[in-house]
Amino acid sequence: MSNDEFRAALSRLAAGVVLITAQEPPLDEDGRGEDVGMTATAFMSVSLDPPLVMVSLRNDSRMDDLLAEQPLWAVSVLTEGQRQIAGRFAMKGRISDRLLFEDLPCTRGDVTGAQLIDGALATLECRTEQRVPAGDHTLVIGRVLTASLPSGDGEPLTYFKGRYRQLR
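Here the residue index of a chain counts from 1 through its sequence in written order. Residue-level local features of this predicted model are given only where pLDDT is at least 70; pairs of side-chain atoms are given and counted only at 80 or more, and the full residue set underlies all totals for whole chains, interfaces and linings. Note that water and hydrogens are dropped before the side-chain values are worked out from all heavy atoms of the structure.

Trainee: How do you make sense of the layout of surface pockets when you look at a structure like this?
Mentor: A pocket here means an open set of points on a 1 Å grid, computed over the protein atoms alone, that has protein on both sides within 12 Å along at least five of seven lines. A cavity is instead a set of points where a 1.4 Å probe fits but cannot get out; residues with an atom within 4 Å of a point line either one. Grid points are joined across faces, edges and corners, and a volume is the space filled by probe spheres set on the points. If you add up the space inside the largest pocket, you get close to 1500 Å³. Secondary structure elements follow DSSP: runs of H or I no shorter than four residues count as helices, runs of E no shorter than two count as strands, and numbering proceeds from the N terminus. Ranked by residues supplied to the lining of the largest pocket, first place goes to strand S3 (residues 35-40) with 5 residues. Looking at the lining of the largest pocket residue by residue, the class counts come to 20 nonpolar, 11 polar and 7 charged. Note on residue classes: Ala, Val, Leu, Ile, Met, Phe, Trp, Tyr, Cys and Pro are nonpolar, Asp, Glu, Lys and Arg are charged, and everything else, Gly too, is polar.

Trainee: Help me understand helix H2 (residues 62-69) in this model?
Mentor: In an α-helix, one turn spans 3.6 residues, which is why side chains three or four residues apart end up on the same side. When we look at burial in H2, the residues that qualify are Met63, Asp64, Leu66 and Leu67. One side of H2 holds all its buried residues, which, seen down the axis, span an arc of 165 degrees. Seen from the buried face of H2, the exposed residues on the opposite side, beyond 90 degrees, are Ala68 and Glu69. Contact definition: two residues touch when any of their heavy atoms are within 4.5 Å. Along its buried surface, H2 packs onto strand S2 (18-23), S3, strand S5 (52-58), strand S6 (72-77), strand S9 (122-134) and strand S10 (137-148). Exposure categories follow from relative accessible area, calculated using a 1.4 Å probe and restricted to protein chains: below 20% of the type maximum is buried, above 50% is exposed, and the middle band is partly exposed. Comment: arc refers to directions from the helix axis out to C-beta atoms.

Trainee: Just checking my understanding: could you explain the sheet that holds S6 for this structure?
Mentor: Strand pairing in a sheet relies on backbone hydrogen bonds, with the paired strands running either antiparallel or parallel. Whether two strands pair comes down to DSSP finding at least two bridges between them. On the basis of which strands lie adjacent, the open sheet formed by 7 strands has the order S3-S2-S6-S9-S10-S5-S4 and antiparallel pairing. Every interior strand has two partners, whereas the edge strands, S3 and strand S4 (43-47), have only one. The mean angle between the axes of side-by-side strands here comes to 35 degrees, regardless of whether they run parallel or antiparallel. Here an axis means a line fitted to C-alpha atoms, over the contact stretch when the element is a helix, while the angle between two N-to-C directions is reported on a 0 to 180 degree scale. Across the sheet, H2 is in contact with S2, S3, S5, S6, S9 and S10; its angle to S2 comes to roughly 50 degrees.

Trainee: Looking at this structure, I do not really get the nonpolar core. What am I missing?
Mentor: Considering soluble globular proteins, one finds that nonpolar side chains tend to be buried as a cluster. Counting 18 residues, the largest nonpolar core has Ile20, Met63 and Trp73 as its most contacted members. Not counting chain neighbours up to four residues away, the residues in contact with Met63 comprise Ile20, Thr21, Ala22, Val36, Gly37, Met38 and Leu57. Ranked by size, the runner-up nonpolar core spans 12 residues in total, among them Val17, Leu19, Phe89 and Leu104. Here, nonpolar core means buried Ala, Val, Leu, Ile, Met, Phe, Trp, Tyr and Cys residues that are tied together by side-chain atoms lying within 4.5 Å of each other.

Trainee: Mind showing me how you'd approach the pattern of salt bridges here?
Mentor: Side chains bearing opposite charge may pair, as long as their charged atoms lie close to each other. Salt bridge criterion: a side-chain nitrogen from Lys or Arg within 4 Å of a carboxyl oxygen from Asp or Glu. Following the criterion strictly, the structure yields 8 salt bridges and no others. Arg7 serves as the salt-bridge partner of Asp4, at 3.3 Å between the closest nitrogen and oxygen. Of this pair, Asp4 and Arg7 both sit in helix H1 (residues 3-10), 3 residues apart, roughly one helical turn. Taking the relative accessible area as the measure of exposure, Arg7 reaches 54% and is therefore exposed.

Trainee: Sorry, what's going on with the sheet that holds strand S1 (residues 15-16) here?
Mentor: Taking strand neighbours across the sheet as the criterion, the 3 strands line up as S1-S11-S12 in an open arrangement whose pairing is antiparallel. Edge strands, defined here as strands with exactly one partner in the open sheet, are S1 and strand S12 (163-166). Sheet analysis places S1 next to strand S11 (residues 157-160), joined by 2 bridges and oriented antiparallel. Directly across from Gly16, in S11, lies its bridge partner Thr158. Of the strands in this sheet, S11 and S12 are in contact with helix H3 (residues 83-90), which crosses S12 at around 165 degrees.

Trainee: Please clarify how the side chain of Thr123 should be interpreted in this entry.
Mentor: Looking at the element boundaries, Thr123 is found in strand S9. With a relative accessible area of 4%, Thr123 lands in the buried category. A 3.5 Å cut-off defines polar contacts: any pair of N or O atoms within that distance qualifies, except that in protein one atom must be a possible hydrogen donor and the other a possible acceptor, and neighbouring residues in sequence count only when both atoms are side-chain atoms. Of note is the side chain of Thr123, whose polar atom sits 2.6 Å from the side chain of Ser148. The residues touching Thr123, leaving out its near neighbours within four places in the chain, are Val75, Ser76, Leu116, Ile117, Thr146, Ala147, Ser148 and Pro150.

Following this line, the structure appears as structure tokens:
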């Protein structure tokens, strides 16, 4: 089986789209670390008791490197109206994360300090419990510390056959 065959087969699995965010540790006592964000479709609930979720991160990606040292991170479950946000944080060779967050309506999480997207279907603040190497990715399992529903309206943004989609 080739990588292309594997990728094509799994592209038939619809997935929800989330934005994973974290804040880099500050470089000095007076500063605040830079906000970092990454679009993810490999995200799932793991356990209700205790409340655990999991995200799959490509090895050596900026988010993988950051979450190896920063245990606090957040998740915003995106709505179909937030497709542009998903695309913005999924770009290869993108501009700095500071500029990506610059004009986004966000609220800083009380527990993690990570950015939470205003109007998301749900937001979670998490603390890493376990990191599991898995091929060219790392599975990051996080304990959910807070969960909220900032927007009761809207439909989820999904990813299917290599494109963002709307449920119909």
